[in-house]
Amino acid sequence: MQKAIMNTTFDFAHLPFQHLYHKIPVSSSNNITNININNNANTSNNNTKINNVSSVDFFYVHKKFCTRDEINNSLHLNTNNMINQNNKNSKIEAIVFDMDGTLTIPSIDFQRMRNETKIFAPKDILDEIHSIKDENEKERLFQIIDQVEEDANERLQFQPNLFELFDELLKLKEKLNQSINFDNSLNNYNENLINNCNEKNDVTVDKNEVIKHFAVVTRNSEKSLNYFINKLGKKYENLFSITLSRNFIPYKPNPGCLTHITKTLNLNSNNNILMVGDTIHDIKCGKQADSYTCLYTQENDWTKGHSDCVMESEPDFICHNLIHIIDILNYLNVHPYHLD
């Protein structure tokens, strides 16, 4: 009974934008092996119910997404819903996470931060501080927000299912490494075969457009970012290929941080990134970079700000359980296209 009440209330919060999204029930296994490393998967496994799910057993996907069959039908019927050649059709190579509010439960007292800096909404605190020419004043204000963040670190809590998600991502990295080792073995074999037979062997292992990297991009300080990474423990110390704090300029919502990640990690393009975050800064950053975007927040933390973010920026996905990121990856594996 309690579950039904919670979901009914939560659905009510989504009513203003339900015309924009499909509600996707989660009924498949959250085993990362559903994501085919060689891009040969045609279907996802819908036989096993996931474990450790919260009361929210669904996620939202924007209605601009469509299947290959829908694309073929739209072309065959010559409807007005035509395919734009520039639309995304990219597998995810990297997942970029926001930190505070996404990987951790929100704990920063932003009202205190604004009161002590005297920088009030709707002004952006970081933008205002960087616009100050007096270096002493700039340093004083950064010390204030640093202290507020340090106080929040004492209350740091991880989001539910964070480690379940990270364990699945580690499995994916291990699977990728196995594929790379297999590919290297094939390359060595091919070279020997060519040398011996003086003919080209065209056997290859297709590893293009698969998830290779995970990253964190935050507007928090470098000290807070390092505190979070250390708090995760040794098991996850090498999970992230790159981490960026507010020391990296331009910071979110400027898309420069995602472009930097694309170049640094040698991704095909920004299209191969899934940006996951809990604020409009994260979604705007992803949208401006032309990356996939996912708005995440726990069901009980949903606010008007989240609704405004959806109506203004229309993230590609919305979820309320971190483990559903795996379901979203599986969904993208068989529904990579979307229509304007």
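Scroll up a little and you will see the structure.
Throughout what follows, the structure given in this document is the object of discussion. (Residues numbered from 1 in each chain as written. Predicted model: local features only at pLDDT ≥ 70, side-chain atom pairs only at ≥ 80, totals over all residues. Heavy atoms only, no water.)

1. Let's talk about the pairing of strand S5 (residues 213-217)
Logical step 1: In terms of residue burial, S5 counts as a mostly covered element, since 5 of its 5 residues are buried.
Logical step 2: Pairing geometry for strand S4 (residues 94-97) and S5, over 4 bridges, is parallel. Residue pairing for S5: Ile 95 is matched across the bridge by Phe 214.
Logical step 3: As for the winding sense of the linkage, the β-α-β connection from S5 through helix H7 (residues 222-232) to strand S6 (residues 242-244) is right-handed. (Buried < 20%, exposed > 50% of the residue type's maximum accessible area, 1.4 Å probe, protein only. Helix = DSSP H or I, 4+ residues; strand = E, 2+ residues; numbered from the N terminus. Pairing = 2+ DSSP bridges. Right-handed = clockwise from strand over helix to strand, strands pointing away.)

2. Describing empty space enclosed by the protein
Logical step 1: Overall, the coordinates contain 3 cavities of 30 Å³ or more when judged by the stated rule.
Logical step 2: Roughly 80 Å³ of internal volume is contained in the second largest cavity.
Logical step 3: Considering the residues around the second largest cavity, the lining is formed by 13 residues, among which Asp 100, Thr 104, Ser 107, Asn 153 and Leu 156 are closest to the centre.
Logical step 4: Looking at the lining of the second largest cavity, the elements that each hand over two or more residues are helix H5 (135-153) and H7.
Logical step 5: Ranked by residues supplied to the lining of the second largest cavity, first place goes to H5 with 3 residues.
Logical step 6: Classifying every residue of the lining of the second largest cavity by side-chain character gives 6 nonpolar, 5 polar and 2 charged. (1 Å grid on protein atoms, 1.4 Å probe; cavity = no way out; pocket = protein on both sides within 12 Å on 5 of 7 lines; lining within 4 Å. Points joined across faces, edges and corners; volume = space filled by probe spheres on them. Nonpolar A, V, L, I, M, F, W, Y, C, P; charged D, E, K, R; others polar.)

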